[in-house]
Amino acid sequence: MSTRAFVVVVALLSAVLAGTVVAGYLVWSRDDQGAAVMIGGPFELVDQTGRPVTQDSLKGKWSLIYFGYTYCPDVCPTSLSVMSQALDALDPALAAKVTPVFFTVDPERDTVEQLALYHQSFHPSFLMLTGTPEQVRAAAKAYRVYYRKAENDSATEYLMDHSSITYLMNPDGGYVTHFGHDATPEGIAETLRKLVGG
Ligand code: NI
């Protein structure tokens with residue numbers, strides 16, 4: 001092989017390699033965005049006053065979304081308190097741009113009346129949503145939330161296993177970020193100031 005032919009071959013191989021890297025990156029970044037876009041979707045529920053709420057009802061404002069149940073002994077009340085404190089820590093004008101939303105995963109016990117009662121313990125701007133078991137299942141599926149009734153002998157006293165993640169969604173209903181169960185009011189407030197207030 002002449003030197004010139006060798007240079008051409010090396011150049012071609014380099015081009016193919018570079019192309020593969022670029023294509024790989026594009027596929028990876030599209031998957032990354034695709035995964036983000038997949039959180040959130042259509043649902044039809046009612047709030048603690050019995051008013052219908054859909055995905056479109058949340059548009060135009062940011063939302064902090066949490067799935068749980070009112071009979072939860074510790075994890076849910078802690079998360080809802082943290083969300084409430086984060087909103088209290090914000091300038092009221094900024095807090096008004098964010099709707100905290102609690103979706104039940106326990107529609108059998110979390111009736112509209114039960115949610116109205118539970119609502120009194122947390123930030124007044126909370127929407128607390130329930131529906132038929134099918135509607136609740138559809139909402140949880142839209143947000144990629146896992147839940148399951150824990151094994152128990154009693155029909156009325158049982159625990160629910162559920163994921164404990166707070167999603168921040170933008171005014172278009174798109175996923176922005178999430179907070180784990182260890183998030184603090186200060187940490188959430190700081191993120192909201194940065195993303196919502198910016
Ligand atoms: Ni819980």
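1. Re the packing of helix α2 (residues 75-89) against helix α6 (residues 185-195)
Okay, step 1: α6 packs onto α2 with a crossing angle of 50° between their chain directions and a minimal axis gap of 8 Å. With respect to each other, α2 and α6 are oriented oblique. Considering only the axes of α2 and α6, their crossing is right-handed. Side by side, α2 and α6 meet where Val 82, Gln 85, Ala 86, Leu 87 and Ala 89 of the first sit next to Pro 185, Ile 188, Ala 189, Leu 192 and Arg 193 of the second.
Okay, step 2: Here the contact of α2 with α6 is built from residues that sort into 8 nonpolar, 1 polar and 1 charged.

2. What to know about the packing of aromatic side chains
Okay, step 1: Considering all chains together, one arrives at 10 aromatic pairs under this definition.
Okay, step 2: One aromatic cluster is present, formed by Phe 43, Phe 67, Phe 103, Tyr 143, Tyr 167 and Tyr 175 through successive ring pairs.
Okay, step 3: When the ring centre of Tyr 158 is taken as origin, the NZ or CZ atom of Arg 109, which lies over that ring, is 3.6 Å away.
Okay, step 4: The ring of Tyr 158 carries the charged tip of Lys 149 above its face, separated from the ring centre by 4.2 Å.

3. Quick notes on empty space enclosed by the protein
Okay, step 1: Under the criterion given, the structure shown has 2 cavities of 30 Å³ or more.
Okay, step 2: Roughly 80 Å³ of volume is contained in the largest cavity.
Okay, step 3: Around the largest cavity, the lining residues are Thr 78, Ser 79, Val 82, Met 83, Ser 164, Ile 165, Thr 166, Phe 179, Gly 180, His 181, Ala 183 and Ile 188.
Okay, step 4: A per-element tally of the lining of the largest cavity places α2 first, with 4 residues.
Okay, step 5: Here the residues of the lining of the largest cavity are counted per class, giving 6 nonpolar, 6 polar and no charged.
Okay, step 6: Lining of the second largest cavity is provided by Gln 55, Leu 58, Lys 59, Lys 61, Ser 63, Ile 65, Tyr 143, Met 169, Asn 170 and Gly 173.

4. Considerations on the environment of Thr 111
Okay, step 1: Structurally, Thr 111 can be placed in the loop between β4 (98-104) and α4 (112-119).
Okay, step 2: Along the chain, Thr 111 and Asp 47 lie 64 residues apart, while their C-alpha atoms are 9.6 Å from each other.

5. With respect to the nonpolar core
Okay, step 1: Counting residues in each nonpolar core, the largest one holds 49 residues, and the members touching the most others are Phe 43, Ile 65, Phe 67, Leu 80, Phe 103 and Tyr 143.
Okay, step 2: With 6 residues, α2 is the largest single contributor of residues to this core.
Okay, step 3: Once residues within four sequence positions are removed from consideration, Leu 80 is found in contact with Tyr 66, Phe 102, Tyr 118, Phe 122, Phe 126 and Met 128.

6. As for the coordination of the nickel ion
Where a metal carries four tetrahedral donors, each ideal angle is 109.5 degrees; where it carries six octahedral donors, the ideal angles are 90 or 180 degrees.
Okay, step 1: Summarising the metal site, the nickel ion is bound by the protein donors Cys 72 (SG), Cys 76 (SG) and His 162 (NE2), whose distances to it range over 2.0 to 2.2 Å.
Okay, step 2: Ordering the donors of the nickel ion by residue number gives the pattern C-x3-C-x85-H. One end of the pair, Cys 76, is in helix α2; the other, His 162, is in strand β7 (residues 160-162), and 86 residues separate them in sequence. Taken individually, Cys 76 and His 162 each receive the classification buried, so the pair is uniform in this respect.

7. Examining the confidence of the model for the protein
Okay, step 1: Residues of the protein with pLDDT of at least 70 account for 81%, and the chain-wide mean is 88.
Okay, step 2: When the criterion is pLDDT under 50, residues 21-34 qualifies, and its contacts beyond four places in sequence or with other chains add up to 0 contacts.

8. So, the pattern of salt bridges
Okay, step 1: Per the counting criterion, the structure on display carries 6 salt bridges.
Okay, step 2: A salt bridge links Arg 109 to Asp 106; the shortest N-O distance between them is 2.7 Å. Asp 106 shares its class with Arg 109; the two are buried.
Okay, step 3: Here Arg 193 ties to Glu 190 by a salt bridge, and the two come within 3.1 Å at their closest N and O atoms. You can see Arg 193 and its partner Glu 190 sitting in helix α6, 3 residues apart, about one turn around the helix.
Okay, step 4: Since its relative accessible area comes to 36%, Arg 193 is described here as partly exposed.
Okay, step 5: The exposure class of Glu 190 is partly exposed, given its relative accessible area of 38%.

Calculation criteria
Residues numbered from 1 in each chain as written. Predicted model: local features only at pLDDT ≥ 70, side-chain atom pairs only at ≥ 80, totals over all residues. Heavy atoms only, no water. Axes fitted to C-alpha atoms, helices over the stretch in contact; angles between N-to-C directions. Helix = DSSP H or I, 4+ residues; strand = E, 2+ residues; numbered from the N terminus. Parallel < 35°, antiparallel > 145°, perpendicular 65-115°, else oblique. Left-handed = near helix turned anticlockwise from the far one by under 90°. Contact = heavy atoms within 4.5 Å. Nonpolar A, V, L, I, M, F, W, Y, C, P; charged D, E, K, R; others polar. Phe/Tyr/Trp six-rings, centres within 6.5 Å; stacked < 30°, edge-to-face > 60°. Lys NZ or Arg CZ within 6 Å of the ring centre and 35° of its normal. 1 Å grid on protein atoms, 1.4 Å probe; cavity = no way out; pocket = protein on both sides within 12 Å on 5 of 7 lines; lining within 4 Å. Points joined across faces, edges and corners; volume = space filled by probe spheres on them. Core = buried A, V, L, I, M, F, W, Y, C linked by side-chain atoms within 4.5 Å. Buried < 20%, exposed > 50% of the residue type's maximum accessible area, 1.4 Å probe, protein only. Donors = N, O, S within 2.8 Å, 3.2 Å for Na, K, Ca; no water. pLDDT = per-residue confidence, 0-100. Salt bridge = Lys/Arg side-chain N within 4 Å of Asp/Glu carboxyl O.

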